[in-house]
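Reading the structure
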Amino acid sequence: MRIARVALDVPLGQAFDFAVPEGLEPVRGSLVRVPFGRLAKVGVVLSRETRTDIAPERLRPLESVVDDVAPLAESDFALLGFCAAYYQRPLGEVLHACLPPRLRQAKRRRIKAPATAETPAGPFPSPVTATARQEVAVELVRSGFGRFHPVLLFGVTGSGKTEVYLRLIADALAAGKQALYLVPEIGLTPQLESRVRERFPGVAIVAAHSHLGEGERAAAWLAAQSGAARIVLGTRLAALSPMPALGLIVVDEEHDPSYKQHEGLRYSARDVAVRRAQIAGIPVVLGSATPSLESWHNASQGRYALARIDERASAGATLPRVRAVDTRADIPADGLTDGLLRALKARLAKGEQSLVFLNRRGFSPVLFCRACAWHSACSRCSANLVLHLKAGELRCHHCGHRERVPKKCPGCASPDLAPVGHGTQRIEETLQAALPEARIARVDRDTTARKGALAEVLEQVRGREVDILVGTQMLAKGHDYPNLTLVGALDSDCALYSVDFRASERLFALLTQVAGRAGRAEEPGEVIIQTDFPGHPLYAAVARHDYPAFAEAALAERRLAGFPPFTHLALLRAESKAAGEATRFLREAAREAEGIGKDIEVFDPVPAPLERKAGYERAQLLVRAATRAAMQPFLARWKAALDAKGERRVRWSLDVDPQEA
Ligand code: ADP
Ligand code: ZN
Ligand code: ZN
């Protein structure tokens, strides 16, 4: 018999057997079109077989072999098989997740094979002479070409990490290899792609990220797979692109939370990249000014090599001076302290630019009735509706619900409704009122929804058409503005008393990154943090630019509390429309877990941080293990037991190495 065993993206995804008609010769890795129910689906051939358990009358023939896509390689199977096992997902789903949407369609037009041209071997001269520290970093990575060699590149903001990456990529190209260059959010770094293209003229470079059209994404993927593309520059989804001649992986801003996918295959592209480098036997560079505590710990344990760059690269550029403004003494008027306003005025007078950072969009986070204490809450979520004054709407940032701003209080009909707290819109207004001559631009998800909008604003900033930039964390990353000398950070205190054990790590990273936007050329930079706790050790460490001290203290706390990187976590999430069902399911799951796992600690089910979302009640259950070796087999058995329950009333998912716990 001629049988193909095919992985399909279906729930509980086992492999399915199909008869292979005469004339078709699919091999392991081939994409095939198969009948499934009344539909056709695209699957991946796992093996050819000569017998099957399927009864002959139920065995269906596969329809065709997808012949404009080459079969996946063994190295792809190794990587995707790891992802499936580690993140507890069916292999069919993972294979599917690796394919761009166009290639998963059963019905589509043929795609032209990628043009294989071009590849100049260099040299690709750099416009700058490397600093001594950059040289050392490059040498350290270079010494590990051709073997698994993970390197943490810990370099302060502006230390020229990009230059280090580009030199290493040039090496990989010269050796005839491909390079994978991962960044957190490519939409935010339009400068980077052109910089890479300028540096490697004539080299086939593809960008791979979710802003591309389907056709472009498929073309990029095929070019990576065929080897035609020598550099793949992309976001987390690029971490899985097939690359037959991969010689180097770079993960820039390796600490960034957006490397973690939050649905379906909940993988960390950073962790997968390290594993991929191990499978391929190549170096991987993890770069950051504020490494994740996991990576820092790995480096301090000697599992990763460490390269440090403590100084800014361009001549004369120094790290900004950071100071706290005590908001208990200098009480903010409509969000802004006198101290910050004076500093903004001084920059304006000198024709220098400033950035005001606030991690909350909208006008104000809640609308409040002064007569009866009614406040704007979302009826479907345990969250407040945010006032968006320009649009005249209250909006839920969790479920997308929108309604008109009421003219009178829905509770008592009083007209005395007041916005409480500040979002970027309101700060923009305050600034404009206080500094009428300033040209102000706001950057957040509301102002940048349109494709290309962000790039336009950033271009205006570079062209000095903007004096003050107000915005959310979108502004914290990667941008380089020589004329920007002041950063003001508002309302960061809330992270100091968050229940999330990663909140302080995130805050330190965010403040350091946003501070890193100031004073990147000759003009010295200054950072002003408005806070109720000017003496807080976290702010003190930010002010000293002392990540190692911060990391040491944070790691000591993690060790005491038994949190990662000293332990390993998995989170079972459940949600249901019916009250109590999610918790009921988690209690059963906890009992199941206790039966299976030795050396596993099972916590009590608790409400999710956002307890209700879009009408669903949500709860979660944390499990903890001292080692991966204990966690992994436990998870496999637990997942199988949960699958076997056939739960219908509750939607659930397992998150391995959760980033929010
Ligand atoms: P990072 O990614 O570490 O924050 P960048 O790579 O963006 O830093 O570099 C910061 C600035 O320093 C950029 O303007 C870059 O052109 C410049 N730069 C990098 N390396 C050098 C060098 N060796 N000599 C002079 N300028 C440099
Ligand atoms: Zn009222
Ligand atoms: Zn809502």
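Notes on the structure in this doc start here. For clarity, every value in this text was computed on a predicted model and none was experimentally measured.

To continue, consider the site of ligand 1. Around ligand 1, 17 residues are found, and the nearest of them are Thr129, Gln134, Gly158, Lys161 and Thr162. One of the backbone nitrogen or oxygen atoms of Gly158 is found 2.7 Å away from an oxygen atom of ligand 1. Within the backbone of Ser159, an N or O atom sits 3.2 Å from an oxygen atom of ligand 1. In isolation ligand 1 offers 570 Å² of accessible surface; the protein chains occlude 80% of this area. More than half of the atoms belonging to ligand 1 lie within 2 Å of the grid points that define the second largest pocket. If one sorts the elements of the shell around ligand 1 by residue count, helix H5 (residues 161-174) sits on top with three residues. Of the residues in the shell around ligand 1, the class split is four nonpolar, nine polar and four charged.

Let us now look at the pattern of salt bridges. On inspection of all chains with the given rule, the structure shows 51 salt bridges. Residue Asp326 pairs with Arg328 through a salt bridge whose shortest N-O separation is 3.1 Å. By relative accessible area, Asp326 is classed as partly exposed at 23%. Across the salt bridge formed by Glu393 and Arg402, the nearest N and O atoms sit 3.5 Å from each other. Glu393 gets classed as buried once you look at its relative accessible area, which sits at 15%. Three or more residues are tied together by salt bridges with common partners; here these are Arg321, Arg323, Arg347, Lys350, Glu352 and Glu526.

Take empty space enclosed by the protein next. Left-over empty space is what a probe sized like a water molecule reveals as it rolls over the atoms. Going through the model one piece at a time under the given rule, you end up with one cavity of 30 Å³ or more. Put simply, the largest cavity is a space of about 120 Å³. Contributing to the lining of the largest cavity are 15 residues, with Val156, Thr157, Ala289, Thr512 and His545 lying nearest its centre. Sorting the residues of the lining of the largest cavity by element identifies helix H13 (503-515) and helix H15 (547-561) as the ones contributing at least two each.

Distances from the zinc ion (ligand 2) to its protein donors, Cys369 (SG), Cys372 (SG), Cys409 (SG) and Cys412 (SG), fall within 2.2 to 2.4 Å. Because the angles between the four donor atoms bound to the zinc ion (ligand 2) fall within 106 to 114 degrees, the donor set is best described as tetrahedral. Sequence spacing of the donor residues for the zinc ion (ligand 2), all on one chain, is C-x2-C-x36-C-x2-C. Of the two residues, Cys369 sits in strand E15 (residues 366-369) while Cys409 sits in the loop between strand E18 (402-404) and strand E19 (417-420), which places them 40 residues apart along the sequence. Cys409 shares its class with Cys369; the two are buried.

Moving on, we get to the coordination of the zinc ion (ligand 3). Around the zinc ion (ligand 3), the protein supplies Cys378 (SG), Cys381 (SG), Cys396 (SG) and Cys399 (SG) as donor atoms, at distances of 2.3 to 2.4 Å. Classification of the site at the zinc ion (ligand 3) as tetrahedral follows from its four donor atoms and the range of 106 to 112 degrees in their angles at the metal. Read in sequence order, the donor residues for the zinc ion (ligand 3) give the motif C-x2-C-x14-C-x2-C. Separated by 15 residues along the polypeptide, Cys381 in the loop between E15 and strand E16 (386-388) and Cys396 in the loop between strand E17 (393-395) and E18 bring together distant segments of the chain.

Now for the sheet that holds E17. Read from one edge to the other, the open sheet built from three strands follows the order E16-E17-E18, with strand pairing classed as antiparallel. Edge strands, defined here as strands with exactly one partner in the open sheet, are E16 and E18. Adjacent strand axes in the sheet meet at a mean angle of 30 degrees when their direction is disregarded.

Turning our eyes to something else, we now look at the layout of surface pockets. In this structure, the second largest pocket encloses a volume near 1,100 Å³. Considering the residues around the second largest pocket, the lining is formed by 44 residues, among which Gly160, Thr162, Arg195, Asp480 and Arg520 are closest to the centre. Sorting the residues of the lining of the second largest pocket by element identifies H5 and helix H6 (190-199) as the ones contributing at least two each. If you tally residues by element for the lining of the second largest pocket, the top one is H6, at five residues.

Cut-offs applied
- Residues numbered from 1 in each chain as written.
- Chains lettered and ligands numbered in written order.
- Predicted model: local features only at pLDDT ≥ 70, side-chain atom pairs only at ≥ 80, totals over all residues.
- Heavy atoms only, no water.
- Near = heavy atom within 4 Å.
- Polar contact = N/O pair within 3.5 Å; in protein donor to acceptor, adjacent residues only side chain to side chain.
- Areas by Shrake-Rupley, 256 points an atom, 1.4 Å probe, with all protein chains shown as cover.
- 1 Å grid on protein atoms, 1.4 Å probe; cavity = no way out; pocket = protein on both sides within 12 Å on 5 of 7 lines; lining within 4 Å.
- Sits in = over half its atoms within 2 Å of the grid points.
- Helix = DSSP H or I, 4+ residues; strand = E, 2+ residues; numbered from the N terminus.
- Nonpolar A, V, L, I, M, F, W, Y, C, P; charged D, E, K, R; others polar.
- Salt bridge = Lys/Arg side-chain N within 4 Å of Asp/Glu carboxyl O.
- Buried < 20%, exposed > 50% of the residue type's maximum accessible area, 1.4 Å probe, protein only.
- Points joined across faces, edges and corners; volume = space filled by probe spheres on them.
- Donors = N, O, S within 2.8 Å, 3.2 Å for Na, K, Ca; no water.
- Tetrahedral: all angles 85-135°; square planar, octahedral: opposite > 155°, others 65-115°.
- Pairing = 2+ DSSP bridges.
- Axes fitted to C-alpha atoms, helices over the stretch in contact; angles between N-to-C directions.

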